Amino acid sequence: MKAIEVLETLKQRFPNEPEYHQAVEEVLGTIEEEYNKHPEFERVNLIERLCIPDRIYQFRVTWMDDKGQIQTNMGYRIQHNNVIGPYKGGIRFHKSVNLGILKFLAFEQTFKNSLTTLPMGGAKGGSDFSPRGKSDAEVMRFCQAFMQELHRHIGPDCDVPAGDIGVGGREVGYMFGAYKKYTHQFQGVLTGKGLEFGGSLIRPEATGYGTVYFLREMLATKGDTIEGKKVLISGAGNVAQYAAEKVLQLGGIPMTMSDSDGYIYDPEGIDREKLDFIMELKNVDRGRIKEYIEEYPNAKYVAGAKPWFEKADIALPCATQNELNEEAAKALVANGVIAVAEGANMPTTPEAIKVLQDAKILYSPGKASNAGGVSVSGLEMSQNSERLSWSAEEVDAKLLWIMQNIHENCVKYGTEPDGYVNYVKGANVAGFMKVAKAMMAQGIV
């Protein structure tokens, strides 16, 4: 396989999808050496088959706003690969959603799910609808209209969506209610559900907790810990909040959080009380992060910027794709950051990744370090299938074990001759080999 040739072919066939091209290029560039050890893969054109989704659903979503006006959005579901289990991946509601972004996310999800040790394939979906500024009634009507089409293509043994950006417990609840109404079935078809109707304990915390568990394993390879470390965190949603919570539990000091308007930096650190304020602000009041400085005036707010230029020991990008660029990576290196663990999906640009790896900084891609969310989604599927609910301690212990197992596989496949662990290569090769072997075993279908 020549990665550049495969990539050029995909660019010609699927133009104007830069995020998808970026995700494919990152994976192909790191698995090429291992792939070439298996000529049987090349004989069945495995790599091209793996890069192209099994199927794509696109549909119009028509709904009524509170003024009685009819609104139209696009809905999507990308079912990328189900060779190791039912399609599994989040639903994103955000104005930036388009086909290219969802294809990149579904592609990444395939390898991430492979790494979890659980039987889940890769998928992603969503809409260019944004819940921001919408009433609960408008969000409910949109979710019901979205599920009116999507319910035809999902099921507990076919495709099990979850939440993502713009889709939290409220949206999942509305979609689950609509699915149940349309199908007359009470099934474990969505994860991230409320505890009252089949949800799992630790699911809201899972992505953030898992990212910090993975960070702890990374630091342990250098004989270090999170204790006393200053941590830059981007985002202020579910992932960022619980990453900050776990950092606090392990003795670290969160310094920043952000949203799409800007970031706050608290020189005294964000303690438990301050984090509770942020959770109330974002989850209940649905406010903006700049309101933090009204409550804590010693902090500063920087509009229209990312937090990567502040001084700290660790960086956790937990917001969205391509939020950490080359300039920011150089600033992190100059400021002495020792580790970067992604809580979001592909938040670091390829140029920034090169800067971090050239400086031999511990760096993990989202498909490894943020796999905790989909891991506990998989555990929620297991509980639904058994009609059981596990304790928080049971789920958290399983989450920790999965993150440790992913780390071990990354070290196994990613350790370079000088001892530096290339987590990008390790995660890609480990995830790819499991999917590739399953595809070979199941024939050309």
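Residues numbered from 1 in each chain as written. Predicted model: local features only at pLDDT ≥ 70, side-chain atom pairs only at ≥ 80, totals over all residues. Heavy atoms only, no water.

Colleague: Describe the pattern of salt bridges, listing the residues and the values that go with them.
Modeller: Tallied over the entire structure, the rule returns 29 salt bridges. Measuring nitrogen to oxygen at the nearest pair gives 3.4 Å for the salt bridge that ties K37 to E34. For K37, a relative accessible area of 53% gives the class exposed. For E34, a relative accessible area of 19% gives the class buried. Taken together, the shared-partner salt bridges in this structure form one network comprising R132, D259, D261, K282 and R288. (Salt bridge = Lys/Arg side-chain N within 4 Å of Asp/Glu carboxyl O. Buried < 20%, exposed > 50% of the residue type's maximum accessible area, 1.4 Å probe, protein only.)

Colleague: Residue-level account of the packing of helix α8 (residues 206–220) against helix α9 (residues 238–249), with values.
Modeller: In contact at an axis separation of 7 Å, α8 and α9 are set at 45° when each is read in the N-to-C sense. Here α8 is positioned oblique relative to α9, judged by the angle of their axes. Of the two elements, α8 crosses α9, and the hand of that crossing is right-handed. Here T207, G208, Y209, V212 and Y213 of α8 come into contact with α9, specifically with V239, Y242, A243, E245, K246, V247 and Q249. Of the residues assigned to the contact of α8 with α9, the class counts are seven nonpolar, three polar and two charged. (Axes fitted to C-alpha atoms, helices over the stretch in contact; angles between N-to-C directions. Helix = DSSP H or I, 4+ residues; strand = E, 2+ residues; numbered from the N terminus. Parallel < 35°, antiparallel > 145°, perpendicular 65-115°, else oblique. Left-handed = near helix turned anticlockwise from the far one by under 90°. Contact = heavy atoms within 4.5 Å. Nonpolar A, V, L, I, M, F, W, Y, C, P; charged D, E, K, R; others polar.)

Colleague: Tell me about the sheet that holds strand β8 (residues 256–259), residues and numbers included.
Modeller: Here we have three strands laid out as an open sheet, ordered β8-β9-β10, and antiparallel in their pairing. If you trace the sheet from one side to the other, it starts and ends with β8 and β10 (300–303), each paired once. The mean inter-strand angle of the sheet, taken between neighbouring strand axes irrespective of direction, is 20°. Pairing geometry for β8 and strand β9 (residues 262–265), over four bridges, is antiparallel. Pairing of S258 across the sheet is with Y263, part of β9. (Pairing = 2+ DSSP bridges.)

Colleague: Please provide a residue-by-residue account of the environment of K112, values included.
Modeller: Positionally, K112 belongs in helix α5 (residues 99–115). Between the alpha carbons of K112 and V429 there is a distance of 11 Å; along the sequence they are 317 residues apart. With residues up to four places along the chain from it excluded, the contact list for K112 reads N345, G366, K367, N370, A371 and V374.

Colleague: I'd love a proper account of the pairing of strand β2 (residues 70–81), names of residues and values included.
Modeller: Both strand β1 (residues 55–64) and β2 contribute to a ladder of ten bridges, which runs antiparallel. Counterpart to Q58 in the pairing with β2 is Y76. The antiparallel hairpin formed by β1 and β2 contains five residues in its connecting segment, where G68 sits at a positive phi of about 85°. Where β2 meets strand β4 (residues 122–127), six bridges bridge the pair, whose relative direction is antiparallel. Bridge assignment links R77 to a residue of β4, and that residue is G125.

Colleague: Help me get a handle on the nonpolar core, residues and values and all.
Modeller: Of all hydrophobic cores here, the largest spans 56 residues; its most connected members are F214, L215, M257, L316, L399 and I406. The dominant element in this core, judged by the number of residues it contributes, is α8, at eight residues. Those residues within four positions of L399 in sequence are excluded, and the remaining contacts are I202, A206, Y209, G210, Y213, G372 and V376. (Core = buried A, V, L, I, M, F, W, Y, C linked by side-chain atoms within 4.5 Å.)

Colleague: Can you tell me about the sheet that holds β2, naming the residues and giving the values?
Modeller: Taken in spatial order, the five strands make up an open sheet running β1-β2-β4-β3-β5, and their pairing is mixed. In this open sheet, the two strands that pair with only one neighbour each are β1 and β5 (159–162). Looking at each pair of strands side by side, their axes are set apart by 20° on average, direction ignored. Contacting β1, β2, β3 (87–93) and β4, α5 crosses the sheet at an angle of about 150° to β4.

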